Amino acid sequence: MIFIKKKTGIEKKKARWGFIFTIPAIIFFSVFSFYPIINAFITSFYKKDLLSLSKPKFIGLGNYKYLIHSESFWNSVKATTIFTVGTFIPLVIISLILAVFISSRKRFQKFFQMSYYSPALLSSVVAATIWLLMFDPRGLANQFLNFILNTPGKDYKWLTSSGMLRLATIIVYFWKYIGYFTVIFVTGIASIPQSINEAARIDGANRWQVFSRITLPLIKPTTLLVSVMAMTQCLKTFSTQYLFTQSGAPLKPIDVITLNIYNTAIRDHQIGRASAMSIILFVIIMVLTLIQFRVSKAEEVQY
Amino acid sequence: MPKQKSYFFSTVADILIWIFLTVFAIIVLVPLVFMFTASFMPAKDIMSIPYPWIPKTFYIKNYWQALRGNDGSFIYVRNILNSFLVASVTSIGTILLCSITGYGLAKFQYKGRNFILMMILSTMMIPFEAIMIPLYLIVTNLGWQDTYWALIVPFLMSAFGVFLMRQFLLTFPDELIDAARIDGASEIGIFFRVVLPNSVPPMATLAILTFRSQWDSLLWPLLVIQSPKMKTIPLYIVQFAEEKFTNEGALMAAAVIASIPMLILFLSLTKYFIGGSNVYTGGKE
Amino acid sequence: MIRNKKVVIVFIAVLCMIVGLFGKTVELVFWTHEDPNRTPLEEAYIEEFQKMYPEVKITRVTYPSSKIKEVVLTAFAARKGPDIFNMEIQDAYPYVVKERVAPVDLKAIGLKSYDELLSMYVEGTMDPVIYNGKIYGLPLEVTNWCLYLNKKYFREVGLDPEKDYPKTWEDIVSTSEKLVIRDGEILLRRGFDFRYPYYFTEWLPLVVQLGGSLLSEDGKTAIINDEAWLKALQFMKDWGPQGKNLGSPTYQPARNEFNRDNNSVTMCMSGLYQIDRIKAQNPEFYESGEWMVVPFPVFENAVNDVRCNYYGHYYMVNAESSKEKQEYAWKFIDFMLSHPEDYLVQVGLIQPKNTLLDSEVFKNYPYADVFMSDLAKSQPVPLHPKGPQLEQLIREAIEDVMLTNVTAEQALATLKKKANELLQED
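Residues numbered from 1 in each chain as written. Chains lettered and ligands numbered in written order. Predicted model: local features only at pLDDT ≥ 70, side-chain atom pairs only at ≥ 80, totals over all residues.

Notes on the overall build of chain A
Broken down by element type, chain A carries 13 helices and 2 strands. Scaling as 2.2 N^0.38, a compact globule of 303 residues should have a C-alpha radius of gyration of about 19 Å, whereas chain A reaches 24 Å, well beyond that. Dimensions along the principal axes, computed over C-alpha positions, put chain A at roughly 80 × 75 × 30 Å. Evaluated residue by residue, chain A yields a buried proportion of 48% over its 303 residues. (Helix = DSSP H or I, 4+ residues; strand = E, 2+ residues; numbered from the N terminus. Rg over C-alpha atoms; globule rule 2.2 N^0.38 Å. Buried ≥ 20, exposed ≤ 12 C-beta atoms within 10 Å, placed from the backbone.)

Written as structure tokens, this is what we have:
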């Protein structure tokens, strides 16, 4: 198109303005995102101690080789995978179900959305503080399970046994973000033209058919957006795990990659190694995002 | 007969859906109710089995202790104002900068436009811990340690914000812009007088998102802020929790106080928290 | 004309003085951990010191003690560290080894030799900051922990606290079994409980009592004497929810609950400073005299009679600060530390100065004798550039035995392998 059109003065001027409008962004992201990440990339090829003033030693892929053989790194990969899969799949599915249910109601739509959204208003520090009190052996979490399962006096070891600890971090995260994604889905569903639903109903489709054949395909873009967002967020999770381990929970089951990066830099002073881990995480997130976009493009439904 | 059956089923399903939604809402709200009730209890009641739920006496002392601080300096009040200032300024900056960028990326044709967009989007994938130390170096070299600049400037734009604004502006009617151009408005004038006033919903959503994430931020302020009067709410809470005289009740009171401003914001701007998110779906309605 | 010249000269001289006064201000930045009782004391010293040296301006900044490590490290990594700081010696030790802190400026504090300085302090307490023959810090406090107990609960279960207080780790188990109150598996009241993540300070002495050690003499091998380590790990397994269920890391820290006197814990481990905390947090309990302090327990068949490891906070000075700043920094540190009795009475911190130990104030201070006699049998926490990582490995081993089905043997094997790999690196 552009080639066919003869560029006029106005067009050129317009193009220039378009570029000018992006200059602040270019400067901003260069300084506060690209420079630091390039810096981290370069550092990842060095053996560098955070405290030492002596010149860092170039070791090529040494840090990456180390990580591939490091048990602690693979443990972190495992912890991150468990957390991400365990959080983002339920998040997407349940927020979708909640949204469909809410949309089917004629009353209290707003009330439910607000209730589910409210935990998102708390800051992570506050959320972790509340949950740490609830996960104390004498706290509400045990009382609740003992009531539901009729097991008086049982300690479910929320913050100590690996499985329960992982579950605990997943619950906190899920609790905090469920409303956020529900709200996005509700809006997505609301944007489906009412006429399509009604037409299907008249054709004799039941609720399930309406949902699976009409709603679901039509909110595909929303689903994609929600799942990419939820997944990236989960892969980058830090504060819940950080605050839990700081309060005495065992590190190993919830030593997610970001926490490992942080400890490698801050506790072990190995900034080169930490940078290498950061770059790996960056690449993982990027690849997974691209895959999600590819897969969903390939199945694009026409409507 | 089949009609009746389906009517019966849909009533049952209806009731089940109501129950499901209600139970889920209760479960989600329990921790909040816990926070609120515990803030009115002396420490020994909070850890008792079973949890009392209704405070026996309204132990207002917790709130007094939380506000006053253990040293009686009332610094928390200042810290709350700091959080407000930082979050507000960042939000305003973000909506302006992100919408102007989004506008430039959505409504103009030029070489390298998609490249710029892709580069900006790729920053969404950078984990903060990865760039924390280089970022710290930049900020200290600019001499911003222990200032509001350090808390605000590095967060003045977000890739997600640019993406959000661009998505919205893609569907912005060209006629409005062209009409203004024919009237002889300058490009900057068009942005401020035509585009901005007509993009309130996504801007409000973006502002709320930014406000929330700034309100929540812990690690970064911890590194760049030193003096007590510059601290933000999360920093105060971490410190308050650690001071040895603090009990759980007072801590919960501090948590409630920290949540009130967000709650007010939420209740007064509900439509942007909840309704505003149509911007995620590309603005098609 | 001459008059004019004089005026000009006087004017210039005054100007120089003004510039000298204001322009030559030495600004010292001083970072320390949060300690509510210490802040007013040191703020007062700063004011006094600034009066003595009007050219100096000192800014004191406090951080939560769990966060100061991160903050100081980031600042030093960016070469923007404070002029004066303190941290627990385990965390500060790498700063000494990597020469990021300056040795004590003897001239500034009016001393002639290191020996003169050393002679002022209790023997051995300066060891942690001596490196390559130089001294890199002055102690703000040296702390060891002893056992605090609540007499009421002892009497409640028919024990006489004065006579039946636990002397051995075996006693700790048997008295705790009498003292605990449970709701099913959940502990409503604990007897004793450990101070969980502080394994170097509190738990390593158990290993040493049984004849083991963290590092070999030459420092090249880690985890010495399997038998001792096994016994100590087994002790933790028996202690935790997999064994006799007497305590676990997920409960609120014992020392905080102890102060509240709310029937949730009977014994805890803490330093002398805990007395001031009880006083501040629960004056009724403090006045009631229903608490007491007894020595750190020792195993019945202990090989070495060692008590709780001591740790310290040492004031240090940034090696990259200007010479002038360093000089004033040491002067200021010396000035603060010249009030050991105030630190003891108002904050509950022991500066290991001989003059303090001989003073009446110290001798009359409640339970100071218990802490001092324990300190004489104590070792410092292990100092090693990889100390924090080693402590993390020990933490993992203990958490594995206490909370999972991993046996003491398995946990020890993993610990030994990982610790030695860590030492071998580079």
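What about the interface of chain A and chain B?
Contact residues are listed per partner, giving 73 residues for chain A and 72 residues for chain B. At 20 residues, helix H1 (residues 9–43) of chain A tops the list of elements feeding residues into the side of chain A that touches chain B. Its residues placed into classes, the side of chain A that touches chain B shows 47 nonpolar, 21 polar and 5 charged. (Contact = placed C-beta atoms within 7 Å. Nonpolar A, V, L, I, M, F, W, Y, C, P; charged D, E, K, R; others polar.)

Quick look at the domain arrangement of chain A
Taken domain by domain, chain A comprises domain 1 (1–43) and domain 2 (61–298). Computed from C-alpha coordinates alone, the two centres of domain 1 of chain A and domain 2 of chain A are separated by 34 Å. (Domains from an automatic or database assignment.)

Thoughts on the nonpolar core
Judged by nonpolar contacts, the single largest core of 287 residues is most densely connected at Ile237 and Ala255 of chain B together with Leu233 of chain C. The element that contributes the greatest number of residues to this core is helix H7 (residues 162–190) of chain A, accounting for 16 residues. (Core = buried A, V, L, I, M, F, W, Y, C linked by C-beta atoms within 7 Å.)

Structural notes on the interface of chain B and chain C
Contact residues are listed per partner, giving 21 residues for chain B and 19 residues for chain C. For the side of chain B that touches chain C, the elements supplying multiple residues, two or more each, are helix H2 (43–46), helix H6 (128–141), helix H12 (219–224) and helix H13 (233–242) of chain B. Broken down by element, the side of chain B that touches chain C gets its largest block of residues, 4 residues, from H6 of chain B. A breakdown of the residues in the side of chain B that touches chain C according to their chemical character gives 10 nonpolar, 6 polar and 5 charged.

Description of the sheet that holds strand E7 (residues 146–150) of chain C
All names here are of chain C. Strand order in the open sheet formed by 5 strands is E8-E9-E12-E7-E13, with mixed pairing between adjacent strands. Two strands close off the open sheet at either side, each with one partner strand: strand E8 (181–183) and strand E13 (291–294). Sheet twist, expressed as the average angle between the axes of neighbouring strands with direction ignored, equals 30 degrees. (Pairing = 2+ DSSP bridges. Axes fitted to C-alpha atoms, helices over the stretch in contact; angles between N-to-C directions.)

A look at the domain arrangement of chain B
Residues and elements named next belong to chain B. Segmenting chain B into domains produces domain 1 (2–63) and domain 2 (69–281). The interface is formed by 11 residues belonging to domain 1 together with 8 residues belonging to domain 2. Every element with two or more residues in the side of domain 1 that touches domain 2 is listed here: helix H1 (2–38), H2 and helix H3 (61–68).

Details of the confidence of the model for chain B
Residues and elements named next belong to chain B. Mean pLDDT over chain B: 84, with 92% of residues reaching 70 or higher. Highest mean pLDDT in chain B belongs to helix H7 (residues 148–152) (94); lowest belongs to helix H15 (residues 270–274) (74). Contacts from residues 281–285, a stretch scored under 50 in pLDDT, to residues over four places away or in other chains number 14 contacts. (pLDDT = per-residue confidence, 0-100.)

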